[in-house]
Amino acid sequence: MRLTCDFDNLVTNLKDLSEVVEDRLLSEDLKNVTFRLSQDKVELVGINQIIVFTRKLSNEYFSLQLTDEELAKGTVYFQLRSKELLDFLSSYQGVRKTKVEEVSFEFLTEAKVKCMVLERDMDTNAPLISSWVFNNIMLKPNVLNQMNKPEPEGELETVETLSLMFYTRNLFPLMQPGTNLFSKLTFGDDYVVAFCVQHYTFMKNLLGDTFKGIVLTYRAVSFMDKVVCNEPQVQVTRTDMDLFFKTENSTAFIRYDNKLPEYKAYINMFNRDHAICLDRVYLKDILKRLRLLKDTIVFTIEDEEGVVNLKNTKFEQSVPMLKSKALEEIEKKSFKILPNALSNAIIGSDDEFSSELFIYYCMQPNNTAVIIFTDNSGSWFSTVSVKPF
């Protein structure tokens, strides 16, 4: 076997694979990239506990020579440590005296793979070849079964990835790595919900039925955001266990959970009886100063002055209210909120969302309240529980 690949194309594809296999929760023996070779096809495969990702190399970016014995097998595999391979190839990026052209692989033995890099001197065009010897990691039967999982039967739905990015770009920054509730994104029938330590954020679920009634982990959403959404369109379907994504040169199985956490009670707390409206961009600018300290912010509605006063132990500023509703009915108009909770509850880019930020004061039993942050688009809202005083 001798496989020769375009250097830049291979590195780009390996970086996408690393989004799957370079995971701190993944055991070391799975942090590998597998090369799957057949007569006219080269594929890179990476797996972790919830994702099986396959990237097919385009024919113009590789050449492959297999022996008669290897052709008789039908498929040839070799498996290398992902980080070792990427670190080695990345050391050739940014070179100053040469131009890197191609990377070749060949078996030295069943247990060793030699990787050769071809550079050319920029002045003379003379070839310069260097090499690195990798261990060929044995493929475990269960890993082989996972990476050879057949594609689901039936029709696939075509999805514009911009519609997926609407959720991944706005909600993924709120998620935490791990395995608890705060590391999961819930796709309900009505809303996509991000549960955070200090607040909950809801976005109307405008996706198709494939993305309803499921829960995806931090790693799954990260992969969708960084790899799947790089294509303008993706074909998708759902099996009993996985979301299946397909593009022109890639496939991905992503494991999901269908046990949704309860979130309806938080929606029912939302009422529009008492409200204020602030300039979103101006408030976000003020939050930059408030976040210089981790001190709790005292948020006070001063309806007679037509402002909201924000202060901590060192900084204070008032924000003019653009609009207000029924504030005279609120008895206690101050509450405390952490700066990160206030900042993160106002999701997304200021260029993407309305400049008018609506804040609803929803009184609850036992001298508590829920503060709702939203805008006039109706596409999202965040809830923060507070104790008024």
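The structure reproduced in this document is the subject of the present report. (Residues numbered from 1 in each chain as written. Predicted model: local features only at pLDDT ≥ 70, side-chain atom pairs only at ≥ 80, totals over all residues. Heavy atoms only, no water.)

1. A closer look at the overall build of the protein chain
Then, in step 1: Regarding its fold elements, the protein chain presents nine helices and 26 strands.
Then, in step 2: On C-alpha atoms alone, the protein chain measures out to a radius of gyration of 27 Å, which is more than a quarter above the 21 Å that the 2.2 N^0.38 rule sets for 389 residues.
Then, in step 3: Across its three principal directions, the C-alpha atoms of the protein chain cover 85 × 50 × 30 Å.
Then, in step 4: Looking at the protein chain residue by residue over its 389 residues, the buried ones come to 49%.
Then, in step 5: Considering only contacts in the protein chain between residues 6 or more positions apart, those separated by 24 or more positions represent 65%.
Then, in step 6: With an accessible surface of roughly 19,200 Å², the protein chain has 47% of that area assigned to carbon and sulfur atoms.
Then, in step 7: Across the protein chain, 45 positive and 55 negative side-chain charges occur, with their mean positions spaced 5 Å apart. (Helix = DSSP H or I, 4+ residues; strand = E, 2+ residues; numbered from the N terminus. Rg over C-alpha atoms; globule rule 2.2 N^0.38 Å. Buried < 20%, exposed > 50% of the residue type's maximum accessible area, 1.4 Å probe, protein only. Contact = heavy atoms within 4.5 Å. Areas by Shrake-Rupley, 256 points an atom, 1.4 Å probe, with all protein chains shown as cover. Lys, Arg positive; Asp, Glu negative; His and termini not counted. Charge placed at Lys NZ, Arg CZ, Asp CG, Glu CD.)

2. Description of the sheet that holds strand β10 (residues 157–160)
Then, in step 1: In spatial order, the strands read β6-β2-β3-β4-β17-β16-β15-β10; together these eight strands make up an open sheet with antiparallel pairing. Since the sheet does not close on itself, it has two edges, and those belong to β6 (76–81) and β10, each with one partner. Direction aside, the axes of adjacent strands within the sheet are offset by 25° on average.
Then, in step 2: As paired elements, strand β4 (residues 51–56) and strand β17 (residues 250–255) share five bridges and run antiparallel to each other. Bridge assignment links V52 to a residue of β17, and that residue is F253.
Then, in step 3: Of the strands in this sheet, β2 (32–38), β3 (41–47) and β4 are in contact with helix α1 (residues 7–21), which crosses β3 at around 30°.
Then, in step 4: Lying over the sheet, helix α5 (residues 161–171) contacts β10, β15 (233–238) and β16 (242–246), oriented at roughly 60° with respect to β10. (Pairing = 2+ DSSP bridges. Axes fitted to C-alpha atoms, helices over the stretch in contact; angles between N-to-C directions.)

3. Some thoughts on the pattern of salt bridges
Then, in step 1: This structure, assessed with the given rule, holds 19 salt bridges.
Then, in step 2: For K226, the salt bridge identified is with E19, shortest N-O distance 3.8 Å. In this pair, K226 is assigned in helix α6 (residues 218–226) and E19 in helix α1, connecting sequence segments 207 residues apart.
Then, in step 3: Note on K226: relative accessible area 40%, which makes it partly exposed.
Then, in step 4: D350 is the salt-bridge partner of R280, the closest N and O atoms lying 2.7 Å from each other. Of this pair, R280 sits in helix α8 (residues 280–290) while D350 sits in the loop between α9 (339–345) and β24 (356–364), placing them 70 residues apart in sequence.
Then, in step 5: Residue R280 is classed as buried on the basis of its relative accessible area of 1%.
Then, in step 6: One network of salt bridges, with partners in common, ties together K149, D242 and R255. (Salt bridge = Lys/Arg side-chain N within 4 Å of Asp/Glu carboxyl O.)

4. Quick word on the pairing of strand β13 (residues 200–204)
Look at any regular strand and the pattern is simple: side chains alternate between the two faces of the sheet.
Then, in step 1: β13 sits mainly inside the fold: four of its five residues count as buried.
Then, in step 2: Where strand β12 (residues 191–195) lies against β13, five bridges are found, and the strand directions are antiparallel. The residue bridging F195 from the neighbouring strand is Y200, located in β13.
Then, in step 3: Connecting β12 to the antiparallel partner β13 that follows it, the hairpin turn spans four residues.
Then, in step 4: Looking at chain direction, β13 and strand β26 (residues 380–386) are connected through four bridges and run antiparallel. Residue Y200 lies in a different strand from β26, and its bridge partner there is T383.

5. Some details on the sheet that holds strand β25 (residues 368–374)
Then, in step 1: Read across the open sheet, the nine strands follow the order β14-β11-β12-β13-β26-β25-β24-β18-β22; overall the sheet is antiparallel. Two strands close off the open sheet at either side, each with one partner strand: β14 (214–217) and β22 (323–325). For this sheet, the mean inter-axis angle between neighbouring strands, taken without regard to orientation, is 20°.
Then, in step 2: Here α5 sits on the sheet and contacts β11 (184–187), β12 and β13; the angle it forms with β13, its principal contact strand, is near 170°.

6. A look at the environment of T161
Then, in step 1: Tracing the backbone through its elements, the reader meets T161 in helix α5.
Then, in step 2: Taking the C-alpha atoms as reference, T161 lies 6.9 Å from E231; in sequence the two are 70 residues apart.
Then, in step 3: Residues in contact with T161, not counting those within four places in the same chain, are V228, C229, E231, P232, Q233 and V234.

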